[in-house]
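Architecture at a glance
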Amino acid sequence: MKSRLYTLPTDTGHFGPYGGRFIPETLMEAVIELNLAYEEAKNDESFLKEYQYFLREYVGRENPLYYAENLTNHLGGAKIF
């Protein structure tokens, strides 16, 4: 049987016999709290909708252009984006 090069971490954050969470001990409690909050939120429809919005609008590409209407009017000339 061929082993996989990459596997998901265990519940304790380990990838096989090695690995884990390599963070300062003072941050461990915050990271565990964040992980618990994500586990709860990942099945929440409103969270997923907002998450998908931010992925679509901001991740991996330039931000969409925004027409700065008030600044354009204030300067009284060319349209500013």
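Residues numbered from 1 in each chain as written. Predicted model: local features only at pLDDT ≥ 70, side-chain atom pairs only at ≥ 80, totals over all residues. Heavy atoms only, no water.

Regarding the overall build of the protein chain
Our working rule: Only DSSP runs of H or I reaching four residues or more are called helices, and only runs of E reaching two or more are called strands; each is numbered from the N terminus. Burial classes: relative accessible area under 20% of the type maximum marks a residue as buried, over 50% as exposed, and values in between as partly exposed (1.4 Å probe, protein chains only). The contact definition used throughout considers only heavy atoms, calling two residues in contact when any of these lie within 4.5 Å. Using a 1.4 Å probe, the Shrake-Rupley method yields the accessible areas, and only the shown protein chains count as cover for residues.
Along the backbone of the protein chain there are three helices and zero strands. Listed N to C, the secondary structure of the protein chain is α-α-α in terms of helices and strands. Out of the 81 residues belonging to the protein chain, those deemed buried represent 9%. Relative to all contacts within the protein chain whose residues are 6 or more apart in sequence, the contacts with residues 24 or more apart total 0%. When the accessible area of the protein chain is evaluated, it comes to approximately 7900 Å², of which 59% is carbon and sulfur surface.

Here we look at the pattern of salt bridges
Convention followed: Salt bridge, as used here, is a side-chain nitrogen of Lys or Arg placed within 4 Å of a carboxyl oxygen of Asp or Glu.
Tallied over the full model, the rule gives one salt bridge. Residues lysine 42 and glutamate 39 are paired through a salt bridge, measuring 3.0 Å at the closest nitrogen-oxygen approach. For glutamate 39, a relative accessible area of 37% gives the class partly exposed.

Some details on the packing of aromatic side chains
What counts is decided by this rule: Classification of ring pairs uses Phe, Tyr and Trp, with its six-membered ring standing for Trp, and accepts pairs whose centres are within 6.5 Å; under 30 degrees between planes counts as stacked, over 60 as edge-to-face, and the remaining range as tilted.
The tally for this structure, following the rule as stated, stands at four aromatic pairs. Centroid distance tyrosine 38 to phenylalanine 47: 6.5 Å. Interplanar angle 75 degrees. Geometry classified as edge-to-face. Taking relative accessible area as the criterion, tyrosine 38 reaches 43% and is therefore assigned partly exposed. Pairing phenylalanine 47 with tyrosine 51 gives two aromatic rings, centres 5.9 Å apart and planes at 10 degrees, and the pair type is stacked.

Re a nonpolar patch on the surface
For clarity, the threshold we go by: Only residues above 30% relative accessible area that lack a salt bridge enter a patch, with like-charged residues linked at up to 9 Å and the nonpolar side chains Val, Leu, Ile, Met, Phe, Trp and Tyr linked at up to 5 Å.
Taken together, the side chains of Tyr51, Tyr53, Phe54, Leu55, Tyr58 and Val59 define a hydrophobic patch exposed on the protein surface, amounting to about 550 Å² of accessible area. When you line up the elements, tyrosine 58 lands in helix H2 (residues 45–58).

Comments concerning the confidence of the model for the protein chain
To keep things clear, this is the line we draw: Looking at any residue, its pLDDT shows the predictor's confidence there, from 0 to 100.
Scored by pLDDT, the protein chain has a mean of 83; 89% of the residues are at 70 or more. At the low end of the mean pLDDT range in the protein chain sits H2, at 89; at the high end sits helix H3 (residues 69–75), at 93.

A few points about the side chain of threonine 72
For clarity, the threshold we go by: Polar contact is defined as a pair of N or O atoms within 3.5 Å, subject to the rule that within protein one atom must be able to donate a hydrogen and the other to accept it, and that residues adjacent in sequence are counted only when both atoms are side-chain atoms.
In this structure, threonine 72 sits in helix H3. Within polar-contact distance, the side chain of threonine 72 engages the backbone oxygen of alanine 68 at 2.9 Å. Excluding its chain neighbours within four sequence positions, the residues that come into contact with threonine 72 are Tyr67, Gly77, Ala78, Lys79 and Ile80.

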